[in-house]
Protein chains: 2
Amino acid sequence: MTVPSGRRERKKAATRQKIADTAMRLFLEHGYDAVGIREVAAEADVAVTTLFSHFASKEALVFEQDEDFEQRLTQAVTGRAPNQPLIPALRREIQALVRHCTAEDAAPVWRMIDESPALRKYEESMRLRHAETLAAAIAADSELSQTATASRTIARFVIDAYSLAREAADPDAAVDEIFRMIEAAWEAT
Amino acid sequence: MTVPSGRRERKKAATRQKIADTAMRLFLEHGYDAVGIREVAAEADVAVTTLFSHFASKEALVFEQDEDFEQRLTQAVTGRAPNQPLIPALRREIQALVRHCTAEDAAPVWRMIDESPALRKYEESMRLRHAETLAAAIAADSELSQTATASRTIARFVIDAYSLAREAADPDAAVDEIFRMIEAAWEAT
DNA sequence: GACCGTAGCACTAACGGTTAGCTTTTTGAA
DNA sequence: TTCAAAAAGCTAACCGTTAGTGCTACGGTC
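Residues numbered from 1 in each chain as written. Chains lettered and ligands numbered in written order. Predicted model: local features only at pLDDT ≥ 70, side-chain atom pairs only at ≥ 80, totals over all residues. Heavy atoms only, no water.

## Considering the protein's contact with DNA strand D
As a structural note, the neighbourhood of DNA strand D is formed by 27 residues, with A47 and T50 of chain A together with R7, R8 and K58 of chain B the closest of them. Backbone atoms, meaning sugar and phosphate, make up 63% of the atoms of DNA strand D lying within 4 Å of the protein. At 3.0 Å from a phosphate oxygen of DNA strand D is found a side-chain nitrogen or oxygen belonging to T15 of chain A. Contributions of two or more residues to the surface near DNA strand D are made by α1 (7-30) and α3 (48-54) of chain A together with α1 (7-30), α2 (37-44) and α3 (48-54) of chain B. Considered class by class, the residues forming the surface near DNA strand D number eight nonpolar, 10 polar and nine charged. (Near = heavy atom within 4 Å. Polar contact = N/O pair within 3.5 Å; in protein donor to acceptor, adjacent residues only side chain to side chain. Helix = DSSP H or I, 4+ residues; strand = E, 2+ residues; numbered from the N terminus. Nonpolar A, V, L, I, M, F, W, Y, C, P; charged D, E, K, R; others polar.)

## Observations concerning the side chain of S57 of chain A
Mapped onto the elements, S57 of chain A comes out in the loop between α3 and α4 (66-78). Filtering out sequence-adjacent residues up to four positions away, S57 of chain A remains in contact with F52 and Y122 of chain A. (Contact = heavy atoms within 4.5 Å.)

## Considerations on the packing of helix α9 (residues 171-187) of chain A against helix α9 (residues 171-187) of chain B
As a packed pair, α9 of chain A and α9 of chain B sit with axes 7 Å apart at the nearest point and diverge in direction by 135°. Judged by the inter-axis angle, α9 of chain A sits oblique to α9 of chain B. For the crossing formed where α9 of chain A meets α9 of chain B, the hand is right-handed. In this structure, α9 of chain A contributes M181, A184 and A185 of chain A to the contact, and α9 of chain B contributes M181, A184 and A185 of chain B. Across the contact of α9 of chain A with α9 of chain B, the residue classes break down as six nonpolar, no polar and no charged. (Axes fitted to C-alpha atoms, helices over the stretch in contact; angles between N-to-C directions. Parallel < 35°, antiparallel > 145°, perpendicular 65-115°, else oblique. Left-handed = near helix turned anticlockwise from the far one by under 90°.)

## As for α1 of chain A
Residues and elements named next belong to chain A. The end-to-end C-alpha distance of α1, which contains 24 residues, comes to 34 Å, matching closely the 34 Å that a straight helix rising 1.5 Å per residue would cover. Along α1, the residues classified as buried are I19, A20, T22, A23, M24, L26 and F27. G31 occupies a position one or two residues after α1 and carries a positive phi of about 95°. (Expected span 1.5 Å × (residues − 1). Buried < 20%, exposed > 50% of the residue type's maximum accessible area, 1.4 Å probe, protein only.)

## Details of the nonpolar core
Ranked by size, the top nonpolar core spans 121 residues in total, and within it L90 and I182 of chain A together with L90 and I182 of chain B carry the most contacts. In contact with I182 of chain B, not counting residues within four places along its chain, are F157 of chain A together with I87, I154, F157, V158 and A161 of chain B. (Core = buried A, V, L, I, M, F, W, Y, C linked by side-chain atoms within 4.5 Å.)

## Side note on the UniProt feature "DNA-binding region" (unreviewed entry) in chain A
The UniProt record annotates "DNA-binding region" (unreviewed entry) at residues 36-55 of chain A. The span residues 36-55 of chain A is 75% helical and 0% strand by assignment, and the distance between its end C-alpha atoms comes to 14 Å. (UniProt positions renumbered as here; feature names shortened; annotations may be inferred.)

## Considering the protein's contact with DNA strand C
Not every one of the 24 residues close to DNA strand C is listed here, only the nearest: R8, K11 and K58 of chain A together with T50 and H54 of chain B. Close to the protein, within 4 Å, the atoms of DNA strand C are drawn from sugar and phosphate at a rate of 65%. Between a phosphate oxygen of DNA strand C and a side-chain N or O atom of K11 of chain A, the distance comes to 2.3 Å. Between a base nitrogen of DNA strand C and a side-chain N or O atom of T49 of chain B, the distance comes to 2.8 Å. For the surface near DNA strand C, the elements supplying multiple residues, two or more each, are α1, α2 (37-44) and α3 of chain A together with α1 and α3 of chain B. Grouping the amino acids of the surface near DNA strand C by side-chain chemistry returns six nonpolar, nine polar and nine charged.

The structure is reproduced here in C-alpha coordinates:
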(Lines give C-alpha, C1' and ligand atoms only; values in the text may rest on other atoms or scores of the structure.)
Protein backbone atom coordinates (compact mmCIF):
# COMPACT_ATOMS: atom_id res chain seq x y z
CA MET A 1 0.00 0.00 0.00
CA THR A 2 1.42 3.33 1.16
CA VAL A 3 1.84 5.93 -1.56
CA PRO A 4 2.51 4.40 -4.98
CA SER A 5 5.89 6.02 -5.43
CA GLY A 6 7.75 6.98 -8.52
CA ARG A 7 7.77 4.99 -11.67
CA ARG A 8 4.16 3.96 -11.66
CA GLU A 9 2.90 7.49 -11.42
CA ARG A 10 5.37 8.71 -13.99
CA LYS A 11 4.44 6.04 -16.48
CA LYS A 12 0.78 6.72 -16.00
CA ALA A 13 1.30 10.44 -16.52
CA ALA A 14 3.41 9.72 -19.59
CA THR A 15 0.70 7.51 -21.08
CA ARG A 16 -1.88 10.19 -20.40
CA GLN A 17 0.26 12.88 -21.98
CA LYS A 18 1.00 10.78 -25.02
CA ILE A 19 -2.69 10.19 -25.56
CA ALA A 20 -3.52 13.87 -25.17
CA ASP A 21 -0.71 14.98 -27.50
CA THR A 22 -1.58 12.43 -30.14
CA ALA A 23 -5.23 13.37 -30.00
CA MET A 24 -4.54 17.08 -30.33
CA ARG A 25 -2.20 16.51 -33.24
CA LEU A 26 -4.72 14.39 -35.11
CA PHE A 27 -7.62 16.71 -34.32
CA LEU A 28 -5.77 19.78 -35.57
CA GLU A 29 -4.51 17.90 -38.58
CA HIS A 30 -7.77 16.36 -39.81
CA GLY A 31 -10.51 18.02 -37.78
CA TYR A 32 -12.16 16.95 -34.57
CA ASP A 33 -15.08 15.12 -36.13
CA ALA A 34 -12.97 13.41 -38.75
CA VAL A 35 -10.85 11.61 -36.18
CA GLY A 36 -12.32 8.68 -34.29
CA ILE A 37 -11.49 7.43 -30.84
CA ARG A 38 -10.22 4.15 -32.24
CA GLU A 39 -7.89 6.10 -34.50
CA VAL A 40 -6.50 8.17 -31.63
CA ALA A 41 -5.96 5.07 -29.53
CA ALA A 42 -4.20 3.24 -32.36
CA GLU A 43 -1.93 6.19 -33.10
CA ALA A 44 -1.07 6.58 -29.43
CA ASP A 45 -0.52 2.84 -29.29
CA VAL A 46 -2.93 2.15 -26.46
CA ALA A 47 -6.21 0.29 -26.19
CA VAL A 48 -9.47 2.20 -26.43
CA THR A 49 -10.31 1.21 -22.88
CA THR A 50 -7.01 2.62 -21.70
CA LEU A 51 -7.79 5.90 -23.36
CA PHE A 52 -11.11 6.05 -21.55
CA SER A 53 -9.46 5.22 -18.24
CA HIS A 54 -7.47 8.44 -18.60
CA PHE A 55 -10.13 10.67 -20.15
CA ALA A 56 -13.82 10.58 -19.42
CA SER A 57 -14.84 11.42 -22.97
CA LYS A 58 -13.59 12.36 -26.39
CA GLU A 59 -14.19 16.02 -25.64
CA ALA A 60 -12.09 15.81 -22.48
CA LEU A 61 -9.08 15.12 -24.69
CA VAL A 62 -9.29 18.68 -25.95
CA PHE A 63 -9.82 20.37 -22.58
CA GLU A 64 -7.00 18.46 -20.99
CA GLN A 65 -5.98 20.97 -18.36
CA ASP A 66 -9.14 22.74 -17.43
CA GLU A 67 -8.40 22.27 -13.75
CA ASP A 68 -5.89 25.08 -14.06
CA PHE A 69 -8.72 27.36 -14.93
CA GLU A 70 -10.72 26.42 -11.88
CA GLN A 71 -7.73 26.67 -9.56
CA ARG A 72 -6.62 30.04 -10.85
CA LEU A 73 -10.06 31.52 -10.30
CA THR A 74 -10.50 30.24 -6.76
CA GLN A 75 -6.93 31.26 -6.06
CA ALA A 76 -7.76 34.79 -7.16
CA VAL A 77 -10.46 34.82 -4.48
CA THR A 78 -8.90 32.96 -1.59
CA GLY A 79 -5.32 34.04 -2.21
CA ARG A 80 -5.74 37.79 -2.38
CA ALA A 81 -4.26 40.03 0.31
CA PRO A 82 -6.50 40.95 3.25
CA ASN A 83 -8.89 43.82 2.63
CA GLN A 84 -8.30 43.61 -1.09
CA PRO A 85 -11.57 44.03 -2.99
CA LEU A 86 -12.99 40.98 -4.71
CA ILE A 87 -14.02 42.20 -8.12
CA PRO A 88 -10.74 43.80 -9.24
CA ALA A 89 -8.91 40.64 -8.25
CA LEU A 90 -11.26 38.59 -10.39
CA ARG A 91 -10.98 41.10 -13.18
CA ARG A 92 -7.22 40.74 -13.32
CA GLU A 93 -7.44 36.97 -13.41
CA ILE A 94 -10.09 36.92 -16.13
CA GLN A 95 -8.09 39.42 -18.13
CA ALA A 96 -5.07 37.13 -17.97
CA LEU A 97 -7.10 34.03 -18.86
CA VAL A 98 -8.72 35.76 -21.82
CA ARG A 99 -5.38 36.95 -23.10
CA HIS A 100 -4.01 33.48 -22.72
CA CYS A 101 -6.65 31.89 -24.88
CA THR A 102 -6.84 34.64 -27.48
CA ALA A 103 -3.09 34.48 -28.07
CA GLU A 104 -1.89 33.71 -31.57
CA ASP A 105 -0.81 30.16 -31.00
CA ALA A 106 -4.09 29.19 -29.33
CA ALA A 107 -6.15 30.29 -32.30
CA PRO A 108 -6.32 26.97 -34.18
CA VAL A 109 -7.49 25.14 -31.08
CA TRP A 110 -10.27 27.61 -30.39
CA ARG A 111 -11.32 27.64 -34.00
CA MET A 112 -11.65 23.90 -33.79
CA ILE A 113 -13.73 24.21 -30.63
CA ASP A 114 -16.00 26.84 -32.12
CA GLU A 115 -16.64 24.66 -35.14
CA SER A 116 -17.67 21.57 -33.23
CA PRO A 117 -21.06 21.59 -31.49
CA ALA A 118 -19.99 18.76 -29.22
CA LEU A 119 -16.95 20.70 -28.03
CA ARG A 120 -18.97 23.86 -27.51
CA LYS A 121 -21.49 22.00 -25.41
CA TYR A 122 -18.73 20.47 -23.37
CA GLU A 123 -17.12 23.82 -22.74
CA GLU A 124 -20.43 25.26 -21.69
CA SER A 125 -20.99 22.72 -18.98
CA MET A 126 -17.36 23.07 -17.95
CA ARG A 127 -17.98 26.76 -17.44
CA LEU A 128 -20.98 26.02 -15.29
CA ARG A 129 -18.85 23.74 -13.13
CA HIS A 130 -16.29 26.50 -12.81
CA ALA A 131 -18.97 28.98 -11.86
CA GLU A 132 -20.15 26.68 -9.08
CA THR A 133 -16.62 26.27 -7.75
CA LEU A 134 -16.06 30.00 -7.87
CA ALA A 135 -19.37 30.62 -6.13
CA ALA A 136 -18.30 28.31 -3.32
CA ALA A 137 -15.02 30.19 -2.93
CA ILE A 138 -16.81 33.53 -2.81
CA ALA A 139 -19.37 32.25 -0.33
CA ALA A 140 -16.60 30.91 1.89
CA ASP A 141 -14.82 34.26 2.12
CA SER A 142 -15.32 35.51 5.65
CA GLU A 143 -14.48 39.09 4.73
CA LEU A 144 -17.46 39.26 2.45
CA SER A 145 -21.00 38.94 3.65
CA GLN A 146 -23.39 38.04 0.92
CA THR A 147 -26.23 35.63 0.38
CA ALA A 148 -25.78 32.31 -1.38
CA THR A 149 -27.72 33.65 -4.33
CA ALA A 150 -25.50 36.72 -4.61
CA SER A 151 -22.37 34.56 -4.58
CA ARG A 152 -23.66 32.30 -7.27
CA THR A 153 -24.83 35.25 -9.32
CA ILE A 154 -21.51 37.06 -9.24
CA ALA A 155 -19.71 33.82 -10.06
CA ARG A 156 -21.91 33.33 -13.11
CA PHE A 157 -21.38 36.88 -14.23
CA VAL A 158 -17.62 36.50 -13.97
CA ILE A 159 -17.63 33.32 -16.00
CA ASP A 160 -19.89 35.03 -18.53
CA ALA A 161 -17.31 37.79 -18.77
CA TYR A 162 -14.68 35.26 -19.72
CA SER A 163 -16.88 33.63 -22.31
CA LEU A 164 -18.10 36.87 -23.86
CA ALA A 165 -14.72 38.56 -23.89
CA ARG A 166 -13.10 35.59 -25.52
CA GLU A 167 -15.47 35.93 -28.46
CA ALA A 168 -15.42 39.71 -28.66
CA ALA A 169 -13.64 41.63 -31.38
CA ASP A 170 -11.54 43.48 -28.81
CA PRO A 171 -11.21 41.12 -25.83
CA ASP A 172 -9.38 43.58 -23.58
CA ALA A 173 -11.97 46.28 -24.04
CA ALA A 174 -14.75 43.76 -23.53
CA VAL A 175 -13.31 42.68 -20.19
CA ASP A 176 -13.22 46.32 -19.11
CA GLU A 177 -16.76 46.97 -20.22
CA ILE A 178 -18.26 43.84 -18.67
CA PHE A 179 -16.42 44.24 -15.40
CA ARG A 180 -17.73 47.75 -15.03
CA MET A 181 -21.16 46.16 -15.12
CA ILE A 182 -20.17 43.42 -12.70
CA GLU A 183 -18.72 45.96 -10.29
CA ALA A 184 -22.03 47.80 -10.28
CA ALA A 185 -23.94 44.58 -9.75
CA TRP A 186 -21.69 43.65 -6.88
CA GLU A 187 -22.19 46.98 -5.15
CA ALA A 188 -25.93 46.54 -5.43
CA THR A 189 -25.89 43.56 -3.09
CA MET B 1 -47.43 23.09 -54.11
CA THR B 2 -48.94 25.93 -52.04
CA VAL B 3 -49.45 25.20 -48.39
CA PRO B 4 -50.21 21.53 -47.70
CA SER B 5 -53.45 22.11 -45.89
CA GLY B 6 -55.42 19.85 -43.66
CA ARG B 7 -55.11 16.20 -43.06
CA ARG B 8 -51.42 15.85 -43.79
CA GLU B 9 -50.44 18.49 -41.27
CA ARG B 10 -52.81 17.11 -38.68
CA LYS B 11 -51.45 13.61 -39.06
CA LYS B 12 -47.91 14.86 -38.77
CA ALA B 13 -48.68 16.87 -35.67
CA ALA B 14 -50.50 13.88 -34.18
CA THR B 15 -47.53 11.61 -34.78
CA ARG B 16 -45.19 14.15 -33.24
CA GLN B 17 -47.38 14.58 -30.22
CA LYS B 18 -47.80 10.86 -29.75
CA ILE B 19 -44.04 10.41 -29.80
CA ALA B 20 -43.49 13.22 -27.32
CA ASP B 21 -46.19 11.99 -24.96
CA THR B 22 -45.01 8.41 -25.09
CA ALA B 23 -41.45 9.47 -24.46
CA MET B 24 -42.33 11.62 -21.49
CA ARG B 25 -44.46 8.90 -19.98
CA LEU B 26 -41.71 6.30 -20.30
CA PHE B 27 -39.02 8.69 -19.08
CA LEU B 28 -40.96 9.65 -15.97
CA GLU B 29 -41.92 6.05 -15.37
CA HIS B 30 -38.52 4.38 -15.66
CA GLY B 31 -36.01 7.24 -15.77
CA TYR B 32 -34.49 9.04 -18.71
CA ASP B 33 -31.37 6.93 -18.98
CA ALA B 34 -33.20 3.66 -18.54
CA VAL B 35 -35.37 4.18 -21.60
CA GLY B 36 -33.81 3.77 -25.05
CA ILE B 37 -34.77 5.42 -28.28
CA ARG B 38 -35.78 2.10 -29.79
CA GLU B 39 -38.06 1.53 -26.86
CA VAL B 40 -39.76 4.90 -27.24
CA ALA B 41 -40.22 4.35 -30.94
CA ALA B 42 -41.69 0.89 -30.43
CA GLU B 43 -44.10 2.10 -27.75
CA ALA B 44 -45.21 5.02 -29.92
CA ASP B 45 -45.53 2.58 -32.80
CA VAL B 46 -43.25 4.44 -35.16
CA ALA B 47 -39.88 3.69 -36.69
CA VAL B 48 -36.74 5.05 -35.10
CA THR B 49 -36.06 7.10 -38.21
CA THR B 50 -39.51 8.63 -37.94
CA LEU B 51 -38.82 9.65 -34.39
CA PHE B 52 -35.64 11.38 -35.48
CA SER B 53 -37.43 13.14 -38.29
CA HIS B 54 -39.60 14.84 -35.67
CA PHE B 55 -36.97 15.41 -32.98
CA ALA B 56 -33.34 16.21 -33.51
CA SER B 57 -32.15 14.21 -30.54
CA LYS B 58 -33.26 12.18 -27.57
CA GLU B 59 -32.93 15.21 -25.32
CA ALA B 60 -35.17 17.25 -27.60
CA LEU B 61 -38.01 14.90 -26.66
CA VAL B 62 -37.93 16.38 -23.18
CA PHE B 63 -37.65 20.04 -24.16
CA GLU B 64 -40.43 19.77 -26.66
CA GLN B 65 -41.66 23.35 -26.58
CA ASP B 66 -38.64 25.44 -25.81
CA GLU B 67 -39.44 27.87 -28.60
CA ASP B 68 -42.06 29.36 -26.33
CA PHE B 69 -39.31 30.41 -24.02
CA GLU B 70 -37.36 32.19 -26.70
CA GLN B 71 -40.41 33.92 -28.11
CA ARG B 72 -41.67 35.11 -24.75
CA LEU B 73 -38.35 36.70 -23.93
CA THR B 74 -37.92 38.53 -27.21
CA GLN B 75 -41.56 39.54 -27.00
CA ALA B 76 -40.90 41.09 -23.61
CA VAL B 77 -38.28 43.26 -25.28
CA THR B 78 -39.82 44.12 -28.63
CA GLY B 79 -43.43 44.17 -27.49
CA ARG B 80 -43.19 46.54 -24.56
CA ALA B 81 -44.85 49.94 -24.70
CA PRO B 82 -42.75 52.88 -25.91
CA ASN B 83 -40.51 54.43 -23.29
CA GLN B 84 -41.01 51.49 -20.99
CA PRO B 85 -37.73 50.51 -19.35
CA LEU B 86 -36.09 47.31 -20.46
CA ILE B 87 -35.04 45.61 -17.26
CA PRO B 88 -38.39 45.63 -15.40
CA ALA B 89 -40.06 44.18 -18.47
CA LEU B 90 -37.55 41.36 -18.55
CA ARG B 91 -37.88 40.91 -14.82
CA ARG B 92 -41.61 40.34 -15.08
CA GLU B 93 -41.17 37.81 -17.85
CA ILE B 94 -38.44 35.88 -16.03
CA GLN B 95 -40.54 35.90 -12.88
CA ALA B 96 -43.40 34.34 -14.78
CA LEU B 97 -41.19 31.76 -16.45
CA VAL B 98 -39.59 30.77 -13.18
CA ARG B 99 -42.96 30.40 -11.50
CA HIS B 100 -44.13 28.30 -14.38
CA CYS B 101 -41.34 25.78 -14.08
CA THR B 102 -41.22 25.66 -10.31
CA ALA B 103 -44.91 24.85 -10.12
CA GLU B 104 -45.94 21.66 -8.39
CA ASP B 105 -46.81 19.64 -11.44
CA ALA B 106 -43.57 20.47 -13.19
CA ALA B 107 -41.44 19.12 -10.35
CA PRO B 108 -41.00 15.53 -11.57
CA VAL B 109 -39.86 16.70 -14.97
CA TRP B 110 -37.26 19.07 -13.57
CA ARG B 111 -36.04 16.48 -11.12
CA MET B 112 -35.50 14.16 -14.04
CA ILE B 113 -33.60 16.86 -15.89
CA ASP B 114 -31.42 17.67 -12.91
CA GLU B 115 -30.52 14.03 -12.50
CA SER B 116 -29.41 13.45 -16.08
CA PRO B 117 -26.11 14.96 -17.17
CA ALA B 118 -27.12 14.72 -20.79
CA LEU B 119 -30.30 16.70 -20.18
CA ARG B 120 -28.48 19.30 -18.13
CA LYS B 121 -25.94 19.79 -20.90
CA TYR B 122 -28.71 20.12 -23.42
CA GLU B 123 -30.51 22.71 -21.34
CA GLU B 124 -27.31 24.66 -20.89
CA SER B 125 -26.71 25.05 -24.58
CA MET B 126 -30.38 25.83 -25.06
CA ARG B 127 -29.97 28.68 -22.61
CA LEU B 128 -27.00 29.97 -24.54
CA ARG B 129 -29.07 29.97 -27.70
CA HIS B 130 -31.79 31.88 -25.91
CA ALA B 131 -29.26 34.37 -24.61
CA GLU B 132 -28.04 35.02 -28.14
CA THR B 133 -31.56 35.55 -29.40
CA LEU B 134 -32.33 37.87 -26.54
CA ALA B 135 -29.11 39.77 -27.14
CA ALA B 136 -30.11 40.32 -30.75
CA ALA B 137 -33.50 41.64 -29.67
CA ILE B 138 -31.90 44.04 -27.21
CA ALA B 139 -29.33 45.21 -29.74
CA ALA B 140 -32.09 45.84 -32.28
CA ASP B 141 -34.06 48.10 -29.97
CA SER B 142 -33.70 51.62 -31.34
CA GLU B 143 -34.73 53.23 -28.05
CA LEU B 144 -31.70 51.79 -26.36
CA SER B 145 -28.20 52.68 -27.34
CA GLN B 146 -25.67 50.16 -26.13
CA THR B 147 -22.69 48.35 -27.51
CA ALA B 148 -22.92 44.83 -28.85
CA THR B 149 -20.98 43.60 -25.84
CA ALA B 150 -23.35 45.28 -23.40
CA SER B 151 -26.37 43.72 -25.13
CA ARG B 152 -24.88 40.27 -25.01
CA THR B 153 -23.82 40.74 -21.43
CA ILE B 154 -27.23 41.80 -20.20
CA ALA B 155 -28.83 38.97 -22.13
CA ARG B 156 -26.53 36.47 -20.43
CA PHE B 157 -27.23 37.94 -17.04
CA VAL B 158 -30.97 37.67 -17.59
CA ILE B 159 -30.73 34.06 -18.63
CA ASP B 160 -28.51 33.42 -15.63
CA ALA B 161 -31.22 34.91 -13.46
CA TYR B 162 -33.68 32.37 -14.79
CA SER B 163 -31.31 29.49 -14.25
CA LEU B 164 -30.24 30.53 -10.76
CA ALA B 165 -33.72 31.42 -9.56
CA ARG B 166 -35.10 28.13 -10.76
CA GLU B 167 -32.68 26.30 -8.50
CA ALA B 168 -32.94 28.64 -5.53
CA ALA B 169 -34.75 27.77 -2.33
CA ASP B 170 -37.02 30.81 -2.70
CA PRO B 171 -37.31 31.45 -6.44
CA ASP B 172 -39.34 34.65 -6.12
CA ALA B 173 -36.88 36.24 -3.74
CA ALA B 174 -33.98 35.12 -5.90
CA VAL B 175 -35.46 36.82 -8.96
CA ASP B 176 -35.78 40.02 -6.94
CA GLU B 177 -32.25 39.83 -5.63
CA ILE B 178 -30.62 39.02 -8.95
CA PHE B 179 -32.57 41.62 -10.87
CA ARG B 180 -31.47 44.29 -8.44
CA MET B 181 -27.95 43.38 -9.49
CA ILE B 182 -28.85 43.33 -13.17
CA GLU B 183 -30.51 46.72 -12.89
CA ALA B 184 -27.31 48.14 -11.43
CA ALA B 185 -25.24 46.51 -14.15
CA TRP B 186 -27.51 47.94 -16.80
CA GLU B 187 -27.25 51.44 -15.43
CA ALA B 188 -23.49 51.18 -15.48
CA THR B 189 -23.43 50.97 -19.27
C1' DG C 1 -62.02 10.67 -61.65
C1' DA C 2 -57.25 9.46 -63.06
C1' DC C 3 -52.41 11.11 -62.45
C1' DC C 4 -48.25 12.70 -60.47
C1' DG C 5 -45.08 14.90 -57.18
C1' DT C 6 -43.85 14.83 -52.68
C1' DA C 7 -44.19 14.42 -47.65
C1' DG C 8 -44.23 11.12 -44.26
C1' DC C 9 -42.91 6.92 -42.74
C1' DA C 10 -40.67 2.28 -42.58
C1' DC C 11 -36.74 -0.93 -42.70
C1' DT C 12 -32.06 -2.39 -42.65
C1' DA C 13 -27.51 -1.69 -41.74
C1' DA C 14 -24.18 0.73 -40.28
C1' DC C 15 -21.05 4.30 -37.71
C1' DG C 16 -18.90 6.29 -33.63
C1' DG C 17 -18.59 7.02 -28.60
C1' DT C 18 -18.77 4.43 -24.56
C1' DT C 19 -18.86 0.53 -21.27
C1' DA C 20 -18.86 -4.26 -19.18
C1' DG C 21 -16.44 -8.39 -18.44
C1' DC C 22 -12.46 -10.67 -18.26
C1' DT C 23 -7.37 -11.65 -19.08
C1' DT C 24 -2.63 -10.24 -19.15
C1' DT C 25 1.27 -7.43 -17.97
C1' DT C 26 3.74 -4.38 -14.98
C1' DT C 27 5.01 -2.58 -10.65
C1' DG C 28 5.90 -1.97 -5.66
C1' DA C 29 6.48 -4.19 -1.56
C1' DA C 30 7.12 -8.28 1.56
C1' DT D 1 10.98 -14.94 -5.28
C1' DT D 2 6.33 -14.14 -4.49
C1' DC D 3 2.13 -11.77 -4.27
C1' DA D 4 -1.55 -8.06 -4.56
C1' DA D 5 -2.90 -4.45 -6.89
C1' DA D 6 -2.64 -1.12 -10.51
C1' DA D 7 -2.54 -0.46 -15.27
C1' DA D 8 -3.30 -1.88 -19.74
C1' DG D 9 -5.35 -4.92 -23.09
C1' DC D 10 -9.05 -7.50 -25.92
C1' DT D 11 -13.64 -8.66 -27.25
C1' DA D 12 -18.12 -7.75 -27.75
C1' DA D 13 -21.59 -5.33 -27.08
C1' DC D 14 -25.02 -1.08 -26.11
C1' DC D 15 -26.98 3.18 -27.50
C1' DG D 16 -27.83 7.41 -30.05
C1' DT D 17 -27.79 8.67 -34.61
C1' DT D 18 -27.62 8.61 -39.77
C1' DA D 19 -27.48 7.04 -44.73
C1' DG D 20 -29.71 4.64 -48.18
C1' DT D 21 -33.75 2.95 -50.15
C1' DG D 22 -38.35 2.16 -51.09
C1' DC D 23 -43.31 2.28 -50.17
C1' DT D 24 -47.69 4.65 -49.23
C1' DA D 25 -51.00 8.12 -48.79
C1' DC D 26 -52.18 12.64 -49.39
C1' DG D 27 -52.94 17.12 -52.06
C1' DG D 28 -53.18 19.50 -56.12
C1' DT D 29 -53.81 19.35 -61.27
C1' DC D 30 -55.47 17.94 -65.66
